[in-house]
Amino acid sequence: MRIVSLLPAATDIVAELGLAARLVGRTHECDWPADQLEGVPVVTAADLDQDRLSSREISDAVGGSAHSGSSLYTLDTDALAALRPEVVLTQDLCEVCAVSYAPVSRAVRLLDAETRVLSLEPRTLDDVLTNLVTVGELLGVRETAERRRGELLDRLAAVRAAVAGRPRPRVVAVEWLDPLWPAGHWVPEQITAAGGEPLLAEPGAHTRPMTWEAVRAAAPEVLLVLPCGFPPERTLAEAELLTGLPGWAALPAVRAGRVWVLDGPAYFNRPGPRVVRGAEVLARLLHGARVGAPVTADEARPFP
């Protein structure tokens, strides 16, 4: 089966199912597992040079919203056609997180082949893990998918057990720096599973920009900084967007030294199986609970 993934989280799922060798196309942002993606053709490109633009400039360029407006990406329809995919995995959840369903559907209609398009639209942790089975069934490996889902659920159960009965610190997770944007969808559930009380965002919900005054009023005891699409190094390059805010030093999380920069793309922004690892990382940060592998500096590091 020839698979094209137009969503990094879908690529994660395909790899989790042991089918990375069947990928014949991917996005320019599909980067895990790196050793299994070498040589897989890229069929998308970024319209914006995000490395040269600030968070505010990126937000303005896509219509002032981190979840709507113009897409950041273009699809090479000629390259897609040349790959002759039997399955195309895409999404319709976020216009600026990946190529959305509409242009993919239009491109597939032009192919001279029977191509199935599956759009993934998870909003909760359960949705994310259910997608593993949905993709597995389409790709003919439902039993493997069910087994992997069960293993991931066991890991989440271990996280919850490790923090059970402990005081729950108040947590704000920041998904974009300028404008400030709280992390919604499955992230509040990751925080809850890891023994925290998520603030300013509801599980499963799209969020909207928040004011700095709202953050100060929430008085978080822990602040998680995990901008969508930014590795920790890029986040740290814009640290002054937070440290320059009035009253930053007085925030309880800052006073306690509990502000963390996380690898958002790997463990929080993308609705793939690695969100479970994100919960394990949070359990360590919030409670010192040792669940899963030790947390590395690539996964989480103190905010300067």
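Nothing here was measured: the structure is a model prediction, and the numbers come from that model. (Residues numbered from 1 in each chain as written. Predicted model: local features only at pLDDT ≥ 70, side-chain atom pairs only at ≥ 80, totals over all residues. Heavy atoms only, no water.)

A. Spatial organisation of unusual backbone geometry. A cis geometry characterises the amide bond from Trp-32 onward to Pro-33, with omega recorded as -10°. Inspection of the secondary structure puts Pro-33 in the loop between strand S2 (23-25) and helix H2 (34-37). Going from Asp-178 to Pro-179, the amide bond is cis rather than trans, its omega being 5°. Its place among the elements puts Pro-179 in the loop between strand S7 (170-177) and strand S8 (180-182). For His-185, which is not glycine, the phi torsion reads 55° and is therefore positive. (Helix = DSSP H or I, 4+ residues; strand = E, 2+ residues; numbered from the N terminus.)

B. Molecular detail of the nonpolar core. Counting 56 residues, the largest nonpolar core has Leu-17, Leu-89, Val-135, Leu-139, Leu-224, Leu-262 and Leu-282 as the members making the most contacts within it. A per-element tally of this core places helix H14 (residues 275-287) first, with eight residues. Ranked by size, the runner-up nonpolar core spans 19 residues in total, among them Leu-177, Leu-199, Val-225 and Leu-242. (Core = buried A, V, L, I, M, F, W, Y, C linked by side-chain atoms within 4.5 Å. Buried < 20%, exposed > 50% of the residue type's maximum accessible area, 1.4 Å probe, protein only.)

C. Representation of the pairing of strand S5 (residues 87-91) in the model. Counting buried positions along S5 yields five of five residues, so the element is predominantly enclosed. Alternating positions in S5 separate into two faces, Val-87, Leu-89 and Gln-91 on one and Val-88 and Thr-90 on the other, with burial throughout. As judged from the three bridges shared by strand S1 (residues 3-5) and S5, these two strands associate in the parallel manner. Bridge pairing links Val-4 to Val-88 in S5. The pairing of S5 with strand S6 (residues 116-120) spans five bridges and is classified as parallel. Its bridge partner lying in S6, Val-87 is registered against Arg-116. (Pairing = 2+ DSSP bridges.)

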